[in-house]
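Residue strings, one per chain:
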Amino acid sequence: MKLTFLGTRGYIETVTDAHRMHTTALVSYRGRSVRIDCGEDWVGRCGEVRQQAIFITHCHPDHAFGLKQGAPCPVYAPPEAAEEMADWPIDDLRVINCGEPVTVGGISTEAFDVQHSTRCPAVGYRISAGVVTVFYVPDVVYIKDREAALAGCQVYIGDGATIDRNFVRRQKDTGELIGHAPVRTQLTWCRKLDVPRMIVTHCGSQIVKGGEEAVRRVEEYGAERGVEVEVATDGLEVVLR
Ligand SMILES: [Zn+2]
Ligand SMILES: [Zn+2]
């Protein structure tokens, strides 16, 4: 399995060479690829890479709005996102439900509910091809069935909106937690569930503005927890066997 991090920037104003485009990744296996997310930076450019399908995690602008002018392939979205996207000119929009994996080009993708936003319910994707399984979740406060989601994963690809600042708040009317878990917390999930490696994407200001110093801090948190960790930059390719 090959991961290509086409974009690694979260929903922030700051743009750098390392983190230029909204968070999206290509998962390839034996010449076939599926893509996760397509934010508004990508509008009109979704066909620049070849992909057999696009899976959307949730309908926030930095994850889905790149499809507002249509898509060059089938698009899978969780029910609430699919409803939001129903009027967009996407020829082949399909609903993906949790617990019902979809296989495209030998790559199996299964949605897991995560807490992140009340208005735009989000999922993470457990993706398997050959002997490799990864979990990809760019925006997350917590994963509802973390054990099932992360069991046996070689890599956890997670939310870099914050390294160690608190970005979680409680929504007034529903009491739900919304926002982003710090990288530090996600590394602890990895340690608890024996996931040996984390790749940080969806980078927020702490990482994008913090440069090398921020990356070092992420690495220290990883070392403390016995988890190998790296911060993805646009264009990074990772081959997993
Ligand atoms: Zn986001
Ligand atoms: Zn979001």
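Scope of this entry: the structure provided in the associated data block. This is a predicted model, so every value here is computed, not measured.

### Focus: the environment of Met 1
Part 1 of the reasoning: Mapped onto the elements of the fold, Met 1 is located in the segment before strand 1 (2–7).
Part 2 of the reasoning: For the pair Met 1 and Lys 144, spaced 143 residues apart in sequence, the C-alpha separation works out to 26 Å.
Part 3 of the reasoning: The contact partners of Met 1, leaving out residues within four places of it in the chain, are Val 27, Ser 28, Tyr 29, Ile 127, Ser 128, Ala 129, Val 132, Val 134, Val 238, Val 239 and Leu 240.

### Description of the coordination of the zinc ion (ligand 1)
Part 1 of the reasoning: Coordination of the zinc ion (ligand 1) by the protein is provided by Asp 62 (OD), His 63 (NE2), Asp 139 (OD) and His 202 (NE2), with metal-donor distances spanning 2.1 to 2.3 Å.
Part 2 of the reasoning: For the zinc ion (ligand 1), the four donor atoms in the first shell make angles of 89 to 168° at the metal, so the coordination geometry reads as irregular.
Part 3 of the reasoning: Binding-site remark: the zinc ion (ligand 1) is held by donors from one chain whose sequence spacing is D-H-x75-D-x62-H.
Part 4 of the reasoning: For the pair the zinc ion (ligand 1) and the zinc ion (ligand 2), the metal-to-metal distance amounts to 3.6 Å, and Asp 139 bridges them. Of this pair, Asp 62 sits in helix 1 (residues 61–64) while His 202 is found in the loop between strand 15 (197–201) and helix 5 (205–225), placing the two residues 140 residues apart along the sequence.

### Some details on the sheet that holds strand 3 (residues 32–36)
Part 1 of the reasoning: With mixed pairing, seven strands are arranged side by side in an open sheet as 6-5-4-3-2-1-17. Either end of the sheet is taken by a strand with one partner, and the two such strands are strand 6 (93–95) and strand 17 (236–239). Strand after strand, the sheet turns through a mean of 25° between neighbouring axes, direction not considered.
Part 2 of the reasoning: Relative to strand 3, strand 2 (residues 24–29) runs antiparallel, the two sharing five bridges. Opposite Val 27, over in strand 3, you have Val 34 as the bridge partner.

What counts as what
Residues numbered from 1 in each chain as written. Chains lettered and ligands numbered in written order. Predicted model: local features only at pLDDT ≥ 70, side-chain atom pairs only at ≥ 80, totals over all residues. Heavy atoms only, no water. Helix = DSSP H or I, 4+ residues; strand = E, 2+ residues; numbered from the N terminus. Contact = heavy atoms within 4.5 Å. Donors = N, O, S within 2.8 Å, 3.2 Å for Na, K, Ca; no water. Tetrahedral: all angles 85-135°; square planar, octahedral: opposite > 155°, others 65-115°. Pairing = 2+ DSSP bridges. Axes fitted to C-alpha atoms, helices over the stretch in contact; angles between N-to-C directions.

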